[in-house]
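Structural features, examined
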Amino acid sequence: MTAPTRTYLEADIKCFHCGHISGVARVERGGRHPTTTFKAVDSSAEIRIPDRTQVKCQRCGGPTFTDEFELRQEYARVDFLEDRPRRGRPPKRLAERRLAEQQRGVA
Ligand SMILES: [Zn+2]
């Protein structure tokens, strides 16, 4: 198992007036000062916001509220095709060859 690189709470930001979802609020967990970010629906950028109640509806400019927060975890991307040295014990054939080489060296 790989440890998550990021753990946060995420909730939709909905409009009180028209119900439009403007984006999501993310609250970082851990640390004494949890940071809140806002990510608009049509954007991939997260903006740090001091107070999520300050986010206005992107459609009508009305006040918003956050829906239920859900726990989200991001993991580092693993490239399974990447050719890198394997961890752990070497394959049996390699171990046998090394042993044979050692014995030859001693003899
Ligand atoms: Zn609205």
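Rules behind the numbers
- Residues numbered from 1 in each chain as written.
- Predicted model: local features only at pLDDT ≥ 70, side-chain atom pairs only at ≥ 80, totals over all residues.
- Helix = DSSP H or I, 4+ residues; strand = E, 2+ residues; numbered from the N terminus.
- Buried ≥ 20, exposed ≤ 12 C-beta atoms within 10 Å, placed from the backbone.
- Pairing = 2+ DSSP bridges.
- pLDDT = per-residue confidence, 0-100.

We now examine the overall build of the protein chain. Of regular secondary structure, the protein chain possesses one helix and six strands. In sequence order, the secondary structure elements of the protein chain are arranged as β-β-β-β-β-β-α. The buried share of the protein chain, reckoned over its 107 residues, is 10%.

Bridge analysis of strand β2 (residues 21–28) against strand β3 (residues 36–40) gives five bridges, and the strand direction is antiparallel. The partner of valine 24 across the bridge, within β3, is lysine 39. Two strands pair when backbone bridges link them, and β3 and strand β4 (residues 46–49) are joined in this way by four bridges, in the antiparallel orientation. Residue pairing for β4: lysine 39 is matched across the bridge by glutamate 46. Adjacent in sequence and paired antiparallel, β3 and β4 are bridged by five residues.

Averaged over every residue, the pLDDT of the protein chain is 86; residues scoring 70 or more account for 89%. Looking at the elements of the protein chain, mean pLDDT is at its lowest for helix α1 (residues 92–106), recorded as 83, and at its highest for strand β5 (residues 64–66), recorded as 96.

What follows concerns the pairing of β2. With seven bridges joining them, strand β1 (residues 6–15) and β2 adopt antiparallel strand pairing. Each bridged residue has a counterpart across the sheet, and for isoleucine 13 the counterpart in β2 is glycine 23. Taking the residues that link successive antiparallel strands as the turn, the β1-β2 hairpin has five residues, and the phi of glycine 19 there is positive, at about 80°.

Attention shifts here to the environment of proline 50. Topologically, proline 50 is positioned in the loop between β4 and β5. Looking at proline 50, the number of C-beta atoms within 10 Å reads 8, which means it is exposed.

With that out of the way, let us pick up the environment of alanine 3. Mapped onto the elements, alanine 3 comes out in the segment before β1. Judged by the 8 C-beta atoms lying within 10 Å of it, alanine 3 falls in the exposed class. Residues alanine 3 and glutamine 73, spaced 70 residues apart in sequence, show a C-alpha to C-alpha distance of 9.4 Å.

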